[in-house]
Amino acid sequence: MSVFTLPQAAKETALVKELSELVAHHRAACPPYARILDASGAGDRFDTVADLPWLPVRLFKNLELKSIGDDEVFKVLTSSGTTGEVSRIYLDKAAAATQTRMLGATVQSVLGPKRLPMLLVDTKSLLKDRRSFSARGAGVLGMATFGRDHVWALDSDGKPDVDAIRGFLAAHGDQPFLIFGFTYLVWLHLYEVAREHGLDLSNGTLIHSGGWKKLVDQAVDPDEFRRRLRVDAGLTRVHNFYGMVEQIGTIFLEGPSGGSLYCPDFADVVVRDPDTWAELPPGKPGLLEVVSTLPTSYPGHVLLTEDLGVVHGVDDGDWPGKRFSVRGRLPRAEARGCSDTYQGGAAPRAGAIA
Amino acid sequence: MRFRFGAEGDLTAPSADRLAVGDARIIDFLSRFARKLLAPAVARRHPELGSLGFFLRPAELRRAVAAMQRPDALTFPRGNVFHVPPANVDTIFVYSWALSALAGNHNVVRISERSANAADTVLEALNATLADADPIIGRTQRMVTYGREDAITGALSSWADLRVIWGGDAAVDTIRRHPLRPSARDLTFPDRTSWAALCTAGWAAADDATRRAAVLGFTNDAYWFDQAACSSPRTVFLVGDPADADRVQDEFLTLLGAVVAERGWTVDPAMAVEKRVNAYGLAAVGAATGLTFAGNAVTGIALADIEALPRRWLGAGAFPFVAVRDLADLVPVMNRQDQTFSHFGFTATQLRDFATALGGRGVDRIVPFGSALTFSAVWDGYDLPREFTRLTTLQV
């Protein structure tokens, strides 16, 4: 079973219809959203996904945007940023269930239907730290439900726990297993340990996220990351993903051959020219917009991110639809000015929340 | 600590050097410094330094010194002055320091670690001028850069007779944690908001060339410091018959877009996103009812009403508009935070009546479009030369 099935034309038709309905739904149910659309002159008929009105993702840090009543709020998700501003995402019971189900379907596209033994490249003490819990902890916990017999690869100080990793491999290493972690932790604490100790990860499938910024210093790019894991640890099934708490449940997953992220059937990306805001063709980098049919309890169905990205091709890769990559973040807006505090809030943050 | 200008050494050590109000050695130094700023190569690279050079011409300096004298008292330097200028406005520290030096004070200026560009050029020019100046200049006028070292700020605060704090509310609060001597005081420049007002009848009566000149001036006021200087105009009031407001707003925005394009003012993508976030935020809460994005550089925001007046920065090139019948309607909504009120199309009487009605409860400067950023010795309601001097009365 896979959620990477629809060719672009079929997906576009389906998404325009569903997302247009979501625009109408949120317009009726979320007054601030309706006021934004009315003030900016948005219509109510849209011919393409790129025509749909987008919200800057940072709006969720400044405003309470929800399309459900206070009594229907089942879960409030928060993302942390370095400026102290947090996004608040409101889910009702149905939306919470849907996001878990669709995230599951997405990862099962590469893991198969059965829960696999799971090595978490993180530290258990992460769950005790209330501050980092919201971002990294939620990501780890969200993904943990797709595995079984979990083992933490890092000790309470965040150092590799070689005995625990060896124990995990002794018990499960001869059959398919799942590895999950943030990209830089996988590189620093699993790859290096596996190489040093000659660990065999060849039956593993790695799912990782979190951006490449911390690895750039070590001259490790996505290709090098995959190559070294393959050569030094026998790990060939490697899937990076991109997602954000503001579109919880939707992740864009790297295909088996690497190099590109793919959009599940219920989501898509639009790359926009940051001067004209028009959609850019494949090959031209711009600002990344993410769309998804999952946000029903808050108007997060069409979001302009502050990430730069490029579509590499359409219907020409491992899976159908657009394939793209993320190329870093828009720098912060900062003004000259008399007050020392005029700064925009485009703060870097963790790339992925499951 | 890095010494950027002046003699290295203990900044707070007692000094035997004495300068007079309008000291000839200071006037000589400032005049030669001004000439360097007015050199074509410098003025081309940093036009704002041209304005600074103009402000420091000998004739201007003599006028400022004359204004420091009074018939009823003897005027002397205030003493030691510690200046904390803002990080992001490259030249304001020079205005503040130069007037204080002209008053004969011993000055220490803290230059921000974040300062760049024009500030570096200013420091180069200052140091080049220092080479053949009287050594007392370097001993009494010092500029330094240091990090968040409270010990240094504390020592300079207890050294100072006057502490000049720019940089907004947060900067003022931070620096004020360091006590002053009982006899000393602060001159503070907190967060300010500035406005622009268009008389719709005046606009309708103006010919194309006049409108164009007004918009050009307004553009400079708004875009020079990313609309974030304390005097940069933000909301534009359309004053007159409400039936004319929409048409005037359209005409103004159209001309503004054309002038911005001609002048090459641009807004980078991060700033464009910043503006969207802020404009959508105003719309979400009902404060804005119409948003127009004519390219990234010009964002028009129709406000729901005068109560919705935003006082926070919305990004470079974000212009809320609101219509009122009469300047008098603005009097109740102006407050102490409001600094500069730029105007076009009003009569002198209308403006004078407005200022009188405000009664000093808000708005320190009422200036025509194009003059919002022009620094003057009277600033933020203070007569700076007065602040930098002290008076001795003498009865015989």
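Thresholds applied
- Residues numbered from 1 in each chain as written.
- Chains lettered and ligands numbered in written order.
- Predicted model: local features only at pLDDT ≥ 70, side-chain atom pairs only at ≥ 80, totals over all residues.
- Buried ≥ 20, exposed ≤ 12 C-beta atoms within 10 Å, placed from the backbone.
- Helix = DSSP H or I, 4+ residues; strand = E, 2+ residues; numbered from the N terminus.
- Arc of directions from axis to C-beta.
- Contact = placed C-beta atoms within 7 Å.
- Axes fitted to C-alpha atoms, helices over the stretch in contact; angles between N-to-C directions.
- Parallel < 35°, antiparallel > 145°, perpendicular 65-115°, else oblique.
- Left-handed = near helix turned anticlockwise from the far one by under 90°.
- Nonpolar A, V, L, I, M, F, W, Y, C, P; charged D, E, K, R; others polar.
- Pairing = 2+ DSSP bridges.
- Domains from an automatic or database assignment.

Teacher, can you tell me more about helix H6 (residues 162–172) of chain A here?
Think of an α-helix as 3.6 residues a turn; residues three or four steps apart then line up on the same face. Residues and elements named next belong to chain A. Listing the buried residues of H6 in full gives Ile-165, Phe-168, Leu-169 and His-172. Each buried residue of H6 sits inside an arc of 95 degrees when the element is viewed along its axis, so together they form one side. The exposed set on the far side of H6, more than 90 degrees from its buried face, consists of Asp-163, Gly-167 and Ala-170. For H6, the elements touching its buried residues are strand E4 (116–123), strand E5 (147–154), strand E6 (177–182) and helix H7 (183–197).

Can you walk me through the packing of helix H1 (residues 24–38) of chain B against helix H6 (residues 118–130) of chain B in this structure?
Angle between the axes and distance between the axes are the two parameters that describe a pair of packed helices. Residues and elements named next belong to chain B. Packing of H1 against H6 leaves a shortest axis separation of 9 Å and a crossing angle of 130 degrees. The angle between the axes of H1 and H6 places the two elements in the oblique class. Every pair of crossing elements has a handedness; the one defined by H1 and H6 is right-handed. Every residue of H6 that contacts H1 at Phe-29, Arg-32, Phe-33, Lys-36 and Leu-37 is listed here: Ala-125, Leu-126, Ala-128 and Thr-129.

Help me understand the interface of chain A and chain B, please; the structure alone is not making it clear to me.
Many structure descriptions define interface size as the accessible area lost when the parts assemble. On the chain B side, the residues contacting the 29 residues of chain A number 38 residues. Secondary structure elements with two or more residues in the side of chain A that touches chain B: helix H2 (31–39), strand E1 (55–56) and helix H3 (59–62) of chain A. Tallying contributions element by element places H2(A) first for the side of chain A that touches chain B, with four residues. Of the residues that constitute the side of chain A that touches chain B, the class distribution is 16 nonpolar, six polar and seven charged.

Explain the sheet that holds strand E14 (residues 365–368) of chain B here, please?
By way of backbone hydrogen bonds, the strands of a sheet pair with one another, either parallel or antiparallel. Residue and element names in this part refer to chain B. If you trace the seven strands from one edge of the open sheet to the other, you get E10-E11-E12-E9-E8-E13-E14, paired in mixed fashion. Each of the sheet's edge strands pairs with one partner strand only, and the pair in question is strand E10 (288–294) and E14. Sheet twist, expressed as the mean angle between neighbouring strand axes with direction ignored, is 25 degrees. As judged from the four bridges shared by strand E13 (residues 338–344) and E14, these two strands associate in the parallel manner. Opposite Phe-341, over in E14, you have Ile-366 as the bridge partner.

Is there a simple way to explain the sheet that holds strand E3 (residues 80–84) of chain B in this structure?
Residues and elements named next belong to chain B. Taking strand neighbours across the sheet as the criterion, the six strands line up as E1-E5-E4-E3-E6-E7 in an open arrangement whose pairing is mixed. Looking at which strands have only one partner, the edges of the open sheet turn out to be strand E1 (2–5) and strand E7 (185–188). When strand polarity is set aside, the average angle formed by the axes of neighbouring strands in this sheet is 25 degrees. As judged from the four bridges shared by strand E4 (residues 106–110) and strand E5 (residues 141–145), these two strands associate in the parallel manner. Opposite Arg-110, over in E5, you have Val-144 as the bridge partner. Sheet strands touched by helix H8 (residues 150–159): E3, E4 and strand E6 (162–165). Its angle to E3, the strand with the most contacts, is close to 140 degrees.

Sorry if this is basic, but what is going on with the domain arrangement of chain B here?
By domain assignment, chain B separates into domain 1 (2–189 + 381–392) and domain 2 (193–368). Relative placement of domain 1 of chain B and domain 2 of chain B: their C-alpha centres are 33 Å apart.

Whenever I open this one, H8(B) confuses me. Can you help?
Residues and elements named next belong to chain B. Among all positions in H8, only Leu-156, Ser-157 and Trp-159 are buried. Around the axis of H8, the buried residues are gathered within 160 degrees of arc, so they sit on the same side. The exposed residues of H8 that point more than 90 degrees off its buried face are Asp-150 and Ala-151. Check the buried side of H8 and you find it contacts E3, E4 and E6.

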